[in-house]
Amino acid sequence: MRKLFLISCVMALSTPAFAQTIDAKGADELANTLSKYVGKTALSNGILKVTPEADGYRVTFSTDAFLKTMPKQDLLKGSLGDYSILTKPLPDGTWNVTSGNIPAAAFDVSGPKGPESFHWSVDGGSWTGLFDPKIGTFSTSTFAYDAFKLSLKSAEQDIDASASGAKGQMLAKAAASGGIDINMTQSLANFSETIVTKLPTLDAASEEGEAAKTETPAAGEPVKVTLRSGELGSVAEGKGFRNRELLDLWAFVVAHMDEKKLNKDGQDELKLKLRAALPLWDKLKGEYHFKDFNVETPLGNFAAQNISQETNLDGISKDGAYHYAMRTNGLKYPALPIPEWGVPFLPTDVELVIGTAGVDLDTVVKGAIDDMDLNRDKVLSEGFEAATAAQFLVNPPKLVISKSLVRTADAELTVEGEMTFAGLKPASHTTWEMAGFDKVVERLNKAAETDAEIQNYITFVKLAKDFGTEVDGGRIRWVVDQQADGSVAINGNPVKGPDPVVEPGSEDVIDVPAPDDEEDNPDAQADKAQ
């Protein structure tokens, strides 16, 4: 809700109409403009207030007033505090926006397994931004706070988290293709999260002479896990983000929120706004990371120098690509219950980069907008759904594996390639490379001296090397091609032929047994034969 409120402020401030005079009339006009994005009842119920203050306007959002408008219930009790910003019009038509408070929150919930509580507090929080009506958002914005604390308590689990030294920045400018280019970064230091899981105990019970065990929420020995990170950060980048069109769409939704049915004119207008918001963005990238990451568990301490995840998403297009990456580097382990010879095979680095390419969302989304009818039992027709499914079978997206790897103390295995699924028949081309192959065999031979079963693995490992090709640096390469007919070749050498083709009426066709009622009813079979 807080994010929605800030977005509403952005749209409201997109015009300098209130920059001339700071008075009660201007405050009312600003409040009415804001109500387009939060609803008129937000004003009448005291959820949203705008008042003149010095040379600007104080905009306050009351979460307590908002909660009072909800249906009476005993499930949620508490307060999320009030949030306010001070908006000051500047001579060049931009607006200076500041906030010196990030409210604390505390509430209790009656959960299915007992009471639950949530507490949040921020010390020394501040936020400032410069809103530019020409681009419909903040050209610059920064925030910082000294520390935060979060606490979640329940019958099954307790979570306590904290961090210090948080800061963030947002920069935006007009994009040549429409919309805005936006960049957001934030980081915090000394992140810590402790999770205490209260394991249930098993009480023995006797029922009709047989022993039975029932699970009860008795307080057993809790399991404690603590996560720590020297730095937690995130980056978000958007190219051609259609901010104005999306907020226009939201304003339309708010304006028609109380209507049980949307008439034809209303649906036509909605479809126009949906199309105007496409492709949503040209490019969208998001990344977050942990540095100096540690996990303290009952088994011991696990650690990583860096852990990160990243997404790269095209907008709605006829040939879109959507990629995901997960990288974990500098892994360290406690003493684990595995054989000593297996320790060098534990990964030190893992990187997985996968995605899709050639995704035609443009045809699907535009077709769905044209076909939809909010007054039908099914918003999308069965004909549209069937046509979309058929098109997917004919031209499904391509799975792409960008260079991914697993690295150990002695070796590194990489893979990259792609896979298609035309007609639901997979076909793939992947390249695998391994460095340190001989070192792996050497360790396995050493382990086989004390564990004879390992010798079986060595046979398969050596066979794998025979299928490979040695390339620069002593690396072993396997180029694996799988065809849609099921045949497989490694480095051009066939290792599996095509899957057998089953002709209709052949002995390999699986007979479908007749329903039981036909087997037991000769008359029914005779009627069917006629």
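On a predicted model such as this, the values are computed, not experimentally measured, just so you know.

1. Let's talk about the overall build of the protein
Point 1. A count of helices and strands for the protein gives 12 helices and 25 strands.
Point 2. In the protein, the share of contacts with a sequence separation of at least 24, taken over all contacts with a separation of at least 6, comes to 58%.
Point 3. Surface exposure of the protein reaches about 31,300 Å², of which carbon and sulfur atoms provide 57%.

2. Focus on the pattern of salt bridges
Point 1. Taken as a whole, this structure holds 26 salt bridges when the rule is applied.
Point 2. Where Arg 376 meets Asp 371, a salt bridge forms, and the shortest distance between an N and an O atom there is 3.3 Å.
Point 3. A single salt-bridge network, built from bridges that share partners, covers Asp 349, Arg 407, Glu 412, Glu 433, Arg 475 and Arg 477.

3. Considering the packing of aromatic side chains
Point 1. Under the criterion given, the structure shown has 13 aromatic pairs.
Point 2. Aromatic pair Tyr 288 and Phe 290: ring centres 6.0 Å apart, planes at 85 degrees, arrangement edge-to-face.
Point 3. Residue class for Phe 290 comes out buried when judged on its relative accessible area of 14%.
Point 4. Ring pairing ties together the aromatic residues Trp 120, Phe 143, Tyr 145 and Phe 148, which thus form one cluster.

4. A word on the packing of helix H2 (residues 24-38) against helix H5 (residues 243-255)
Point 1. Two elements in contact, H2 and H5, have axes separated by 7 Å at closest approach and are oriented at 85 degrees. Between H2 and H5, the angle is such that the two are roughly perpendicular. The residues of H5 that touch H2, namely those facing Ser 35, Lys 36, Tyr 37 and Val 38, are Leu 247, Trp 250, Ala 251 and Val 254.
Point 2. Grouping the amino acids of the contact of H2 with H5 by side-chain chemistry returns 6 nonpolar, 1 polar and 1 charged.

5. Considering the pairing of strand E21 (residues 427-435)
Point 1. In terms of burial, E21 is a largely internal element, 7 of the 9 residues being buried.
Point 2. In the sheet, strand E20 (residues 412-420) pairs with E21 via 9 bridges, with the strands oriented antiparallel. For Thr 420, the partnering residue across the bridge sits in E21 and is Ala 427.
Point 3. Once E20 ends, the chain turns through 6 residues before running back antiparallel as E21, passing Gly 423 with a positive phi of about 65 degrees.
Point 4. Where E21 lies against strand E23 (residues 476-482), 7 bridges are found, and the strand directions are antiparallel. In the strand pairing of E23, Met 434 is matched with Ile 476.

6. Describing the nonpolar core
Point 1. Counting residues in each nonpolar core, the largest one holds 24 residues, and the members touching the most others are Val 50 and Val 59.
Point 2. Counting residues per element, this core draws most heavily on H2, which supplies 4 residues.
Point 3. Not counting residues up to four positions away in its chain, the partners in contact with Val 50 are Ala 27, Leu 30, Ala 31, Leu 34, Tyr 57, Arg 58 and Val 59.
Point 4. Membership of the second largest hydrophobic core comes to 16 residues, among which are Phe 118, Tyr 145, Phe 148 and Ala 163.

7. Quick notes on H2
Point 1. Compared with the 21 Å implied by 1.5 Å per residue over 15 residues, the 20 Å span of H2 between its first and last C-alpha is a close match.
Point 2. Every buried residue belonging to H2 is among Gly 26, Ala 27, Leu 30, Ala 31, Thr 33, Leu 34, Ser 35 and Tyr 37, and all of these are buried.

8. A look at the pairing of strand E25 (residues 493-496)
Working note: regular strand, side chains alternate between the two faces of the sheet.
Point 1. By the bridge criterion, 3 bridges tie strand E24 (residues 488-490) to E25 in an arrangement that is antiparallel. Residue Ala 489 lies in a different strand from E25, and its bridge partner there is Pro 494.
Point 2. Here E24 folds back onto E25 in antiparallel fashion, the turn holding 2 residues, of which Asn 491 has a positive phi close to 50 degrees.

9. What to know about the confidence of the model for the protein
Point 1. For the protein, per-residue confidence averages 87 on the pLDDT scale, and residues scoring 70 or more make up 87% of the total.
Point 2. Ignoring residues within four places in sequence, the model shows residues 1-19, a span with pLDDT below 50, making 55 contacts including any to other chains.
Point 3. For residues 509-520, every residue scores under 50 in pLDDT, and the model assigns this stretch 7 contacts once sequence neighbours within four places are set aside.

10. Focus on the environment of Leu 76
Point 1. Topologically, Leu 76 is positioned in strand E3 (residues 76-79).
Point 2. Judged by its relative accessible area of 33%, Leu 76 is partly exposed.
Point 3. Filtering out sequence-adjacent residues up to four positions away, Leu 76 remains in contact with Leu 67, Phe 107, Asp 108 and Val 109.

11. Observations regarding unusual backbone geometry
Point 1. Leu 278 connects to Pro 279 through a cis peptide bond whose omega is 10 degrees.
Point 2. Despite not being glycine, Asp 292 has its phi angle at roughly 50 degrees, a positive value.
Point 3. By secondary structure assignment, the location of Asp 292 is in strand E15 (residues 283-297).
Point 4. By relative accessible area, Asp 292 is classed as exposed at 53%.

12. Here's the deal with a nonpolar patch on the surface
Point 1. Judged by side-chain polarity, Phe 460, Leu 463, Phe 467 and Val 495 come together as a nonpolar surface patch covering roughly 370 Å² of accessible area.
Point 2. The element best represented in the nonpolar patch is helix H10 (residues 454-467), accounting for 3 residues.
Point 3. Checked against the element boundaries, Phe 467 lands in helix H10.

13. With respect to the environment of Thr 420
Point 1. Assignment of secondary structure puts Thr 420 in strand E20.
Point 2. Sequence-wise, Thr 420 and Thr 356 are 64 residues apart; in three dimensions their C-alpha atoms are separated by 9.9 Å.
Point 3. When near neighbours in sequence (up to four residues on either side) are disregarded, Thr 420 contacts Lys 398, Lys 425, Pro 426 and Ala 427.

14. Considerations on the environment of Lys 462
Point 1. In this fold, Lys 462 is placed in helix H10.
Point 2. Residue classification places Lys 462 among the partly exposed residues on the basis of a relative accessible area of 45%.
Point 3. Residues Lys 462 and Phe 437, spaced 25 residues apart in sequence, show a C-alpha to C-alpha distance of 9.5 Å.

15. Points about helix H7 (residues 361-371)
Point 1. Residues Asp 362, Gly 367, Ala 368 and Ile 369 constitute the buried set of H7.
Point 2. Here the buried face of H7 lies against helix H6 (264-277) and helix H8 (382-394).
Point 3. The opening residue of H7 is Asp 360, an N-cap whose side-chain oxygen sits 3.3 Å from the backbone nitrogen of Asp 362.

16. Overview of the side chain of Thr 328
Point 1. In this fold, Thr 328 is placed in strand E17 (residues 320-329).
Point 2. In contact with Thr 328, other than residues within four places in its own chain, are Ala 304, Asn 306, Ile 307, Thr 348, Asp 349 and Val 350.

Calculation notes
Residues numbered from 1 in each chain as written. Predicted model: local features only at pLDDT ≥ 70, side-chain atom pairs only at ≥ 80, totals over all residues. Heavy atoms only, no water. Helix = DSSP H or I, 4+ residues; strand = E, 2+ residues; numbered from the N terminus. Contact = heavy atoms within 4.5 Å. Areas by Shrake-Rupley, 256 points an atom, 1.4 Å probe, with all protein chains shown as cover. Salt bridge = Lys/Arg side-chain N within 4 Å of Asp/Glu carboxyl O. Phe/Tyr/Trp six-rings, centres within 6.5 Å; stacked < 30°, edge-to-face > 60°. Buried < 20%, exposed > 50% of the residue type's maximum accessible area, 1.4 Å probe, protein only. Axes fitted to C-alpha atoms, helices over the stretch in contact; angles between N-to-C directions. Parallel < 35°, antiparallel > 145°, perpendicular 65-115°, else oblique. Nonpolar A, V, L, I, M, F, W, Y, C, P; charged D, E, K, R; others polar. Pairing = 2+ DSSP bridges. Core = buried A, V, L, I, M, F, W, Y, C linked by side-chain atoms within 4.5 Å. Expected span 1.5 Å × (residues − 1). pLDDT = per-residue confidence, 0-100. Patch = residues over 30% accessible without salt bridge, like charges linked within 9 Å, V, L, I, M, F, W, Y side chains within 5 Å. Polar contact = N/O pair within 3.5 Å; in protein donor to acceptor, adjacent residues only side chain to side chain.

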